[in-house]
Amino acid sequence: PNTAISESLSLTVGGQALRINIGTGNEIVESGLTLYKQPWTAIVTDANGNASANRSVQVSVVPVRYFKGFYVKPTSSDPWVASYTVADGCASEDINNNGILDASDNDENGNGALEPDPSATVPMSLTTGADGTVTFDLTYLKSECSWIEVDLIATTSVQGTESQARQRFTLSCTADDLDSPAPPGGGDSPYGTATSCANPE
């Protein structure tokens, strides 16, 4: 599934409400043989839509779901399509998002590791320009496209009050790679092909 969730919150500074939002285009670019880069832009404005320059924006990417399955071709001339063996996917086992398997997490498949893998990065801190915007890249492994759902979160804060924008989506592959003789990362999901999240295979 390629469901998207967006959210925008506001804060008030000196009587002016500030808002933040994030968005992307429809292109992903290759970075070497193993990575994709997807450009995103954060925009910060006041309540009247005026640009808010020199605002610090913190960005994070958090995996929320992973998918088991394999690539198929509906016909020999069609591109590769991810076929999920667990229709709704498997929830991230790192419940507290600290990157450590501890008592508050849920190692559902019992393999002693957290799924999904850390496979996407963003810059930690950015500053808006005169037009209230800042552009950054979401970078991720080709082998994870189709198989991880993430939350991309941008936050700006003033005097301890935060405004946040969030987008939820499945990491995409390029059309060229899906049209190639072999799908990106190989035929199977890096998380296996079992029909249950409790099975690590």
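Only a predicted model underlies this, so the values are computations on that prediction, with no experimental measurement involved. Residue positions are counted from 1 within each chain, in the order its sequence is given. Residue-level local features of this predicted model are given only where pLDDT is at least 70; pairs of side-chain atoms are given and counted only at 80 or more, and the full residue set underlies all totals for whole chains, interfaces and linings. Side-chain measures here rest on the full set of heavy atoms in the structure, leaving out hydrogens and waters.

1. Overview of the pattern of salt bridges
What counts here: We define a salt bridge as a contact between a side-chain nitrogen of Lys or Arg and a carboxyl oxygen of Asp or Glu at a distance within 4 Å. Each helix is a run of H or I in the DSSP string that is no shorter than four residues. Each strand is a run of E no shorter than two, and both are numbered from the N terminus. When accessible area is computed with a 1.4 Å probe and restricted to protein chains, residues below 20% of their type maximum are described as buried, those above 50% as exposed, and intermediate ones as partly exposed.
Using the criterion set out here, one finds five salt bridges in the structure. The residue Asp151 makes a salt bridge to Arg166 at a minimum N-O spacing of 3.1 Å. Separated by 15 residues along the polypeptide, Asp151 in strand S13 (residues 148-158) and Arg166 in strand S14 (residues 161-170) bring together distant segments of the chain. Overall, Arg166 belongs to the partly exposed group, its relative accessible area being 22%. One network of salt bridges, in which partners are shared, links Glu30, Lys142 and Asp177.

2. Quick word on the side chain of Lys142
Here is the rule we go by: Pairs of N or O atoms within 3.5 Å make up the polar contacts considered here, provided that, within protein, one atom can donate a hydrogen while the other can accept it, and that residues adjacent in sequence are counted only when both atoms are side-chain atoms. What makes two residues a contact is simply this: any of their non-hydrogen atoms within 4.5 Å.
For Lys142, the position within the fold is in the loop between strand S12 (133-141) and S13. A polar atom in the side chain of Lys142 sits 2.5 Å from the side chain of Glu30. Sequence-distant contacts of Lys142, that is, excluding residues within four places in its chain, are made with Glu30, Gly32, Leu33, Thr34, Leu35, Tyr36, Asp177 and Pro184.

3. Brief notes about unusual backbone geometry
The residue after Glu115, namely Pro116, is reached through a cis peptide bond having omega 0°. The topology assignment puts Pro116 in the loop between strand S9 (90-91) and strand S10 (120-121). One non-glycine residue, Asn54, lies in positive phi territory at about 60°. With respect to the helices and strands, Asn54 occurs in the loop between strand S5 (35-46) and strand S6 (56-66). Classification of Asn54 as exposed rests on a relative accessible area of 64%.

4. Here's the deal with the state of the cysteines
Convention followed: Note that a disulfide, as used here, is simply two cysteine sulfur atoms within 2.5 Å.
Across all of its chains, the model carries two disulfides by this definition. Note that Cys90 is cross-linked by a disulfide to Cys197, the S-S spacing being 2.1 Å. Looking down the S-S bond of the Cys90 and Cys197 bridge, the torsion is -90°, so its handedness is left-handed. Note that Cys90 is positioned in strand S9 and Cys197 in the segment after helix H1 (175-178), a separation of 107 residues in sequence. You'll find Cys90 and Cys197 in the same group, each marked buried. The residue that forms a disulfide with Cys145 is Cys173, at a sulfur-sulfur distance of 2.1 Å. Its torsion about the S-S bond being 95°, the disulfide of Cys145 and Cys173 is classed as right-handed.

5. Re the packing of aromatic side chains
Going by this rule: Two aromatic rings from Phe, Tyr or Trp, using only the six-membered ring of Trp, form a pair when their centres are within 6.5 Å; if the ring planes differ by under 30 degrees the pair is stacked, by over 60 it is edge-to-face, and anything between is tilted.
Tallying each qualifying case throughout the model produces six aromatic pairs. Summarising the aromatic geometry, the rings of Trp40 and Phe169 are spaced 5.2 Å apart at their centres and angled 25° between planes, so their arrangement reads as stacked. Here Phe169 lies in strand S14 and Trp40 lies in strand S5, a separation of 129 residues in the sequence. Comparing Trp40 with Phe169, the two get one shared label, buried. For the ring pair Tyr66 and Tyr191, a centre distance of 5.0 Å and an interplane angle of 50° mean the geometry is tilted. Of this pair, Tyr66 sits in strand S6 while Tyr191 sits in the segment after H1, placing them 125 residues apart in sequence. Pair check on accessibility: Tyr66 and Tyr191 agree, each one buried.

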